[in-house]
Amino acid sequence: MIIRRALMAPIWMLQLATGAKSFLDNPWIGSRRLNQRGLHVARVRLAAALSAWRRRRLAAMVRPEWRAAFDRDGFVAIPDIIPPAHFAALREAILGYEGPAREMRQGDAITRRMAIDPAMLRAIPQLQYLLERKDILALFHYVASYRITPLHYVQTIVSKTGGNEVDPQETLHADSFHSSLKAWLFLNPVAVEEGPFTYVAGSHRFTPERLAWERARSVADPRAIDRLSARGSPRVGASELAAMKLPPASALAVDANTLVVADTVGFHARGPSLRPGERVELWSYARRNPFLPWLGGDPSSLPGIAERRVGLVWRVRDGLARQIGQPWQPVGQRTPIDKR
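Keep in mind the model is a prediction, meaning the values are calculated, not measured. Here, residues in each chain are numbered from 1, in the same order as that chain's written sequence. In keeping with the predicted nature of the model, local features appear solely for residues at pLDDT of at least 70, side-chain atom pairs appear and are counted solely at 80 or more, and the whole-chain, interface and lining totals rest on all residues. By convention in this description, side-chain values take in all heavy atoms of the structure and omit both hydrogens and water.

Things to note about the overall build of the protein
- Helix and strand definitions follow DSSP, with helices as H or I runs of at least four residues and strands as E runs of at least two, each counted in order from the N terminus. Within the protein one finds 13 helices and 11 strands.
- Taken over C-alpha atoms, the radius of gyration is set against a globule rule of 2.2 Å times the number of residues to the power 0.38. For 340 residues, the compact-globule estimate of 2.2 N^0.38 gives 20 Å, and the protein sits close to it at 20 Å.
- Dimensions of the protein along its principal axes, counting C-alpha atoms only, are 60 × 45 × 40 Å.
- Out of the 340 residues belonging to the protein, those deemed buried represent 50%.
- Of the contacts made within the protein by residues no fewer than 6 positions apart, 84% connect residues no fewer than 24 positions apart.
- Split by element, the accessible area of the protein, about 16,500 Å² in all, is 59% carbon and sulfur.
- Residues counted as positive are Lys and Arg, residues counted as negative are Asp and Glu, and His and the chain ends are not counted. Where a charge sits is defined by one atom per residue type, namely NZ (Lys), CZ (Arg), CG (Asp) or CD (Glu). Taking the average location of the 48 positive side-chain charges in the protein and that of its 31 negative ones, the two points are 8 Å from each other. Type-normalised accessible area, obtained with a 1.4 Å probe on protein chains alone, sets the label of each residue: buried when under 20%, exposed when over 50%, and partly exposed for intermediate values. Should any heavy atoms of two residues lie within 4.5 Å, those residues are considered in contact. Using a 1.4 Å probe, the Shrake-Rupley method yields the accessible areas, and only the shown protein chains count as cover for residues.

And the structure:
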């Protein structure tokens, strides 16, 4: 153990300058002594300051009404993002597309994902046009705080599948200690009782109350709290929101053809599903090292690489399944809504 700690110490130290977030896996990040002296809060404050600085340089490209909504709430919901005359054809093409899929079960929900890869883009050219729209890209860059190409998927959420455990995505949480982008373009309407996206408006800001909460979390014993919080995706309760002077979470019931883009450093969740259901969405995700001062320079965002990343990530994870696990299991050729 002593030899291992000595060998790992340089790696653990270098991880402090990255998005590493687990209080369990890195004893420096999870050190009560260092966090009492302000290590975690210092990382949070620096990441937030750099994110704000990068966003100021990206702001001019974003539609003012979208930027204002995001700055106020931490998310923006845009109805009819695609001209209605074109949306029906795109939706039909996506729902009819058959390709390799992967699934993961969490509690009583199954998430199915299909990579938006070169094969899908060739089959559905209007999808590529959508993902290259300058106004959408500018919003993605602003929320991510980087000029970065997100990972894109067609995602299906199948709720109430008979599992005995609660879906952990239904608990309010932050994804990490720093900003990241997630986006959903809903292909069908989502009612309040159908597990809608839920967000605590304004919780993306690191106010003194939020920083005090972050500090209290950082000095807690990571072995005495829930596993997801200990690994850096903290769960939050109603009393803690009140202490941070934050409102209750709001559920976003949306019509089809609505784009929701959010900074998931804010507290969010998938609302509880009250009945079995299946919904399909275009799901996008981007998270980068929060401590980089520049806006671009991401090799994985280059054309020819960006659209192939999902498949590469899956294959690498398959090869390392014994070491790090692989929750996303291949389920063969599927369509987004599959009755098999």
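A word on empty space enclosed by the protein
- Cavities and pockets are defined on a 1 Å grid built over the protein atoms alone: a cavity is a set of grid points where a 1.4 Å probe fits but cannot escape, while a pocket is an open set with protein on both sides within 12 Å along at least five of seven lines, and lining residues are those with an atom within 4 Å of any such point. Grid points are joined across faces, edges and corners, and a volume is the space filled by probe spheres set on the points. Taken as a whole and assessed by the stated rule, the structure comprises 3 cavities of 30 Å³ or more.
- Lining the largest cavity are 13 residues, and of these Phe 23, His 40, Ser 229, Gly 232 and Pro 234 lie nearest its centre.
- For this classification, the nonpolar set comprises Ala, Val, Leu, Ile, Met, Phe, Trp, Tyr, Cys and Pro, the charged set comprises Asp, Glu, Lys and Arg, and every other residue, Gly included, is treated as polar. A class-by-class count of the residues in the lining of the largest cavity yields 6 nonpolar, 4 polar and 3 charged.
- Empty space within the second largest cavity amounts to approximately 80 Å³.
- Lining the second largest cavity are Leu 130, Leu 131, Ile 136, Phe 140, His 152, Trp 184, Leu 185, Leu 259, Leu 282 and Ser 284.
- At the level of secondary structure, the elements contributing two or more residues to the lining of the second largest cavity comprise α7 (125–131), α8 (134–144), β5 (181–186) and β10 (277–286).
- Grouping the constituent residues of the lining of the second largest cavity by class yields 8 nonpolar, 2 polar and no charged.

A look at the packing of aromatic side chains
- Aromatic rings from Phe, Tyr and Trp, with only the six-membered ring used for Trp, were paired whenever their centres fell within 6.5 Å, and each pair was classed as stacked if the ring planes differed by under 30 degrees, edge-to-face if by over 60, and tilted otherwise. Within this structure, the stated rule accounts for 9 aromatic pairs.
- On the numbers, 5.8 Å between centres and 75° between planes, the contact of Phe 70 with Tyr 142 is edge-to-face. Placement of the pair is Phe 70 in helix α4 (residues 64–73) and Tyr 142 in helix α8, with a sequence separation of 72 residues.
- You can call Phe 70 buried: its relative accessible area is 1%.
- Tyr 142 sits in the buried class, given a relative accessible area of 5%.

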